[in-house]
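# A closer look at the structure
The primary structure of each chain is shown beneath.
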Amino acid sequence: PASAFQTPILPLLQTDPKKTVDFILSFTNKSIEYFAKSKFAQYEAKIIDVVVDDSGNIVKQYICHRIWNLYRGSQTAPSLLESIHMALERWLLMVAKSAKPEVTESWCMYLLKNSYSTSITAIIASIVLAESSKLFNVAKVLFRTKDLFFYDTARMQLDMTAKSLYAMSYDPTGLFTDERLKTCNDKHRSSSLENLALQYQLFVIEGEGGDIVKQRHETLWKIFDEYYEQLPEKSTETEADKTWRLCLARMDRRKMK
């Protein structure tokens, strides 16, 4: 079964991270590009504009539920590609726990800017959820791409049944299945980007002053207001527009008054 331990990627990331990350990006970009152009994916994958910095610069990335969930292995996909993504997530989670926030932030932004696949962006979202107090600068960039909210919410729902999925794998040693099952216990699996956007408005991070909290709120509300401005008049709304308006209302603390 797919696992972070199934390939040499994890030890390579620990010994030569830059070369290994560049290999992962190159391998993933090429693989996903071929997949997206195949007959199998013609009605599934699409290209979206992903905002990659505060200036609004974008990169085009392929997205569908199969691509977004590669690092979780919850959709049918090549085990090799899943294992590489699982190793990258595991390594980034270790980096985020032990390194200075700016180091993790630098890796996340590098990956985001150089990927053609949202499978990498999904991993960045996972790291942000796991270490939200350290990575607001990365989170606010992810919040600028509307599609990511929907795909990560779907990922969260799939994660609710991930244990039973992993337990079904044929693994005589038990090593790889055990590694996957332990990831299900991570607290951030039960959260999503939508939950996180609200969390940043409701809770104060330990050690932060009032000015920083106020600035974070204003940053989020500016992003939300830009989304509100893009919505059509209610009389011409589609079902998708109504769903997005509801999503915004759930995330925006100001709407709770």
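Presented here is a report on the structure given in the accompanying data block. (Residues numbered from 1 in each chain as written. Predicted model: local features only at pLDDT ≥ 70, side-chain atom pairs only at ≥ 80, totals over all residues. Heavy atoms only, no water.)

### Notes on the overall build of the protein
The helix and strand inventory of the protein stands at 13 helices and 2 strands. For the protein, whose C-alpha radius of gyration is 18 Å, the value lies close to the compact-globule estimate of 18 Å for 257 residues. Its C-alpha atoms give the protein principal-axis dimensions of roughly 55 × 45 × 35 Å. Across the 257 residues in the protein, those meeting the buried criterion constitute 51%. Within the protein, residue pairs in contact and separated by at least 24 positions form 69% of the contacts whose partners lie at least 6 positions apart. For the protein, the computed accessible surface area is about 13000 Å², with 55% contributed by carbon and sulfur atoms. Between the averaged position of the 34 positive side-chain charges in the protein and that of its 32 negative side-chain charges there is a distance of 1 Å. (Helix = DSSP H or I, 4+ residues; strand = E, 2+ residues; numbered from the N terminus. Rg over C-alpha atoms; globule rule 2.2 N^0.38 Å. Buried < 20%, exposed > 50% of the residue type's maximum accessible area, 1.4 Å probe, protein only. Contact = heavy atoms within 4.5 Å. Areas by Shrake-Rupley, 256 points an atom, 1.4 Å probe, with all protein chains shown as cover. Lys, Arg positive; Asp, Glu negative; His and termini not counted. Charge placed at Lys NZ, Arg CZ, Asp CG, Glu CD.)

### Some words on the packing of helix α4 (residues 79-98) against helix α6 (residues 118-130)
Viewed as axis vectors pointing N to C, α4 and α6 meet at an angle of 30°, and their least axial separation amounts to 10 Å. What the angle tells us is that α4 and α6 run roughly parallel. Relative to α6, the crossing made by α4 is right-handed. Each of His85, Leu88, Glu89, Leu92, Leu93 and Ala96 in α4 lies in contact with α6, whose residues at this interface are Ser119, Ile120, Ile123, Ser126, Ile127 and Ala130. Grouping the amino acids of the contact of α4 with α6 by side-chain chemistry returns 8 nonpolar, 3 polar and 1 charged. (Axes fitted to C-alpha atoms, helices over the stretch in contact; angles between N-to-C directions. Parallel < 35°, antiparallel > 145°, perpendicular 65-115°, else oblique. Left-handed = near helix turned anticlockwise from the far one by under 90°. Nonpolar A, V, L, I, M, F, W, Y, C, P; charged D, E, K, R; others polar.)

### Comments concerning the pairing of strand β1 (residues 46-51)
Note that β1 and strand β2 (residues 58-63) share 6 bridges and pair antiparallel. Opposite Ile47, over in β2, you have Tyr62 as the bridge partner. As consecutive antiparallel partners, β1 and β2 are separated by 6 residues, and within that stretch Gly56 has a phi angle of approximately 90°, a positive value. (Pairing = 2+ DSSP bridges.)

### Description of helix α8 (residues 146-159)
An α-helical segment advances 3.6 residues per turn. Residues three or four places apart therefore align on the same side. In a regular helix each residue adds 1.5 Å, so 14 residues correspond to 20 Å; α8 covers 21 Å between its end C-alpha atoms and thus fits that length. Within the span of α8, buried status applies to Leu148, Phe149, Tyr151, Asp152, Thr153, Ala154, Arg155, Met156 and Asp159. (Expected span 1.5 Å × (residues − 1).)

### Brief notes about the environment of Gln75
Checked against the element boundaries, Gln75 lands in the loop between α3 (65-68) and α4. On the basis of relative accessibility, which here comes to 26%, the residue Gln75 falls in the partly exposed class. The contacts of Gln75, once residues within four sequence positions are left out, are His65, Arg66, Asn69, Glu82 and Leu158.

### Observations concerning the side chain of Ser83
Tracing the chain through its elements places Ser83 in helix α4. For Ser83, a relative accessible area of 2% translates into the label buried.

### Quick notes on the nonpolar core
The nonpolar side chains of a soluble globular protein tend to be buried, and buried together. Ranked by size, the top nonpolar core spans 63 residues in total, and within it Leu88, Trp91, Ile124, Val128, Phe143 and Tyr200 carry the most contacts. Looking at this core, the element that brings in the most residues is α4, giving 9 residues. Grouped together as the second largest cluster of nonpolar side chains are 11 residues, Ile32, Phe35, Ala45 and Leu81 included. (Core = buried A, V, L, I, M, F, W, Y, C linked by side-chain atoms within 4.5 Å.)

### What about the packing of α8 against helix α11 (residues 193-202)?
Where α8 contacts α11, the axes come no closer than 7 Å and their chain directions differ by 110°. Viewed along their axes, α8 and α11 adopt a mutual orientation that is roughly perpendicular. On α11, the residues that touch Leu148, Phe149, Asp152, Thr153 and Met156 of α8 are Leu193, Glu194 and Asn195.

### Re the pattern of salt bridges
For the structure shown, the criterion picks out 23 salt bridges. The residue Arg144 makes a salt bridge to Glu226 at a minimum N-O spacing of 3.8 Å. Here Arg144 is found in the loop between α7 (136-142) and α8, whereas its partner Glu226 is found in helix α12 (residues 210-230), with 82 residues between them in sequence. By relative accessible area, Glu226 is classed as partly exposed at 31%. Here the salt bridges share partners, and the residues they tie into one network are Asp54, Lys140, Arg144 and Glu226. (Salt bridge = Lys/Arg side-chain N within 4 Å of Asp/Glu carboxyl O.)

### Some remarks on helix α13 (residues 239-251)
End to end, α13 covers 19 Å across 13 residues, agreeing with the expected 18 Å (1.5 Å per residue, within 8%). By the burial criterion, the buried members of α13 are Asp241, Trp244, Cys247, Leu248 and Met251. Seen end-on, α13 carries its buried residues on one side only, within an arc spanning 120°. Facing away from the buried surface of α13 by more than 90 degrees, the exposed residues are Glu239 and Leu246. In this structure, the buried side of α13 is in contact with α8, α11 and α12. (Arc of directions from axis to C-beta.)

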